[in-house]
Amino acid sequence: MISRIPVAVGCATAFLLGGCEIATETVPYQGPEHVLFQDGFEGNGYNWFTGASPDAYDFEITDGEYFLRSLNDSGVLVSKAVPIPENGDFIMRVSLHSYASERDLGYGFCWGGADPDHRYCFFASRDRQYTLFKREPGGLYEYVPWTASAAVDPERNTLEIRKQGTVMRYSVNGKETGAIPYEPFFGSRLYFAGDGIQDFAVDAVTVLAP
């Protein structure tokens, strides 16, 4: 199967000038089929962090969800090393459930991370927007600024990143919305994260490869 993909290129420069140049790249594609990592949170077999700290956070796994509750403006961030073959094609799919959020702040997942200051992220919000960004010591770089989309649900969203050749295609609830250039990972950590005061949960996470 051959796919023709719109790709944002030259964005590091174009971002400073207020836009990205769009090109089209034709690449062969073989759909990932092999499950590298999967968790539906029926228990805590993967030893995700759980616990609570007064006025800070409350993390627990119950009823098939990994609940992440932020109790202050600092938000929450939790991670685990997950094997992702960055030199080949892959899919990362995370299903999320938002229960409450102060000021419709963002929540979602990050990949290719080394630490909180080195990661790539895909976030949604309760006011039906999404964003993709990179966090590094120099600051935050937005591949896609906060963008309104009818594909985003106020409460339940499945966010997916699909590496296909030299691009990363992204989708919300099964609707492909665009692509960004692939960049080498900082590290092997997969994160769940939320900004500010909010209560959300991860229903499932799946990583697939050919």
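Residues numbered from 1 in each chain as written. Predicted model: local features only at pLDDT ≥ 70, side-chain atom pairs only at ≥ 80, totals over all residues. Heavy atoms only, no water.

S.K.: Quick rundown of the state of the cysteines? Include the residues and the values.
M.R.: Formally, a disulfide is one covalent bond, and it connects the sulfur atom of one cysteine to the sulfur atom of another. On inspection of all chains with the given rule, the structure shows one disulfide. There is a disulfide in this structure between Cys110 and Cys121, and the S-S distance comes to 2.1 Å. Looking down the S-S bond of the Cys110 and Cys121 bridge, the torsion is 100°, so its handedness is right-handed. One end of the pair, Cys110, is in strand S9 (residues 107-115); the other, Cys121, is in strand S10 (residues 118-125), and eleven residues separate them in sequence. Across the pair, exposure class does not vary: Cys110 and Cys121 are buried alike. (Disulfide = S-S within 2.5 Å. Helix = DSSP H or I, 4+ residues; strand = E, 2+ residues; numbered from the N terminus. Buried < 20%, exposed > 50% of the residue type's maximum accessible area, 1.4 Å probe, protein only.)

S.K.: So what's going on with the environment of Phe109? Residues and values would help.
M.R.: Here Phe109 lies in strand S9. In the structure, Phe109 is positioned 82 residues away from Tyr191 in sequence and 5.4 Å away in space, judged by C-alpha atoms. With residues near it in sequence (within four places) discarded, Phe109 still touches Met92, Val94, Tyr120, Cys121, Phe122, Phe123, Leu159, Ile161, Leu190, Tyr191 and Phe192. (Contact = heavy atoms within 4.5 Å.)

S.K.: A description of the pairing of strand S6 (residues 65-70) should follow, citing residues and the corresponding values.
M.R.: With five of its six residues buried, S6 lies for the most part within the structure. Sheet topology note: the strand S5 (residues 57-62)/S6 ladder contains six bridges and is antiparallel. Across the sheet, the residue bridging to Phe59 is Leu68, located in S6. As consecutive antiparallel partners, S5 and S6 are separated by two residues, and within that stretch Asp63 has a phi angle of approximately 55°, a positive value. Pairing geometry for S6 and strand S17 (residues 198-209), over five bridges, is antiparallel. The partner of Ser70 across the bridge, within S17, is Gln198. (Pairing = 2+ DSSP bridges.)

S.K.: Lay out the side chain of Asp39 with the relevant residues and their values.
M.R.: Examined against the element boundaries, Asp39 turns out to sit in strand S3 (residues 34-39). There is no salt bridge for the buried Asp39, and the closest opposite charge comes from Lys80, which lies 7.7 Å off by N-O distance. Separated by 2.9 Å, the side chain of Asp39 and the backbone nitrogen of Phe41 make a polar contact. Ignoring sequence-local partners within four residues, the contact set of Asp39 consists of Tyr46, Trp48, Asp203, Ala204 and Val205. (Lys, Arg positive; Asp, Glu negative; His and termini not counted. Salt bridge = Lys/Arg side-chain N within 4 Å of Asp/Glu carboxyl O. Polar contact = N/O pair within 3.5 Å; in protein donor to acceptor, adjacent residues only side chain to side chain.)

S.K.: Account for the confidence of the model for the protein chain, with residues named and values stated.
M.R.: Detail in the predicted coordinates should be disregarded across regions flagged by low pLDDT. Of all residues in the protein chain, 85% have pLDDT values of 70 or greater, and the mean over the chain is 87. Here residues 1-29 is modelled with pLDDT under 50, and outside its nearest four sequence neighbours on either side it reaches 53 contacts, counting other chains as well. (pLDDT = per-residue confidence, 0-100.)

S.K.: So, the packing of aromatic side chains: which residues are in play, and what are the values?
M.R.: Under the definition given, this model contains 24 aromatic pairs. A ring pair is formed by Phe109 and Phe122, whose centres lie 6.2 Å apart and whose planes are at 55°; its orientation type is tilted. With a gap of 13 residues between them, Phe109 in strand S9 and Phe122 in strand S10 connect regions that are remote in the sequence. Taken as a pair, Phe109 and Phe122 share a single burial class, namely buried. Each residue in the set Phe41, Trp48, Phe49, Tyr57, Phe59, Tyr66 and Phe192 is aromatic and connected to the rest through ring pairs, giving one cluster. In this structure, Lys80 packs its charged tip against the face of Trp48, placed 5.2 Å from the ring centre. The positively charged end of Arg119 is found above the aromatic ring belonging to Tyr191, 5.8 Å away from the centroid. (Phe/Tyr/Trp six-rings, centres within 6.5 Å; stacked < 30°, edge-to-face > 60°. Lys NZ or Arg CZ within 6 Å of the ring centre and 35° of its normal.)

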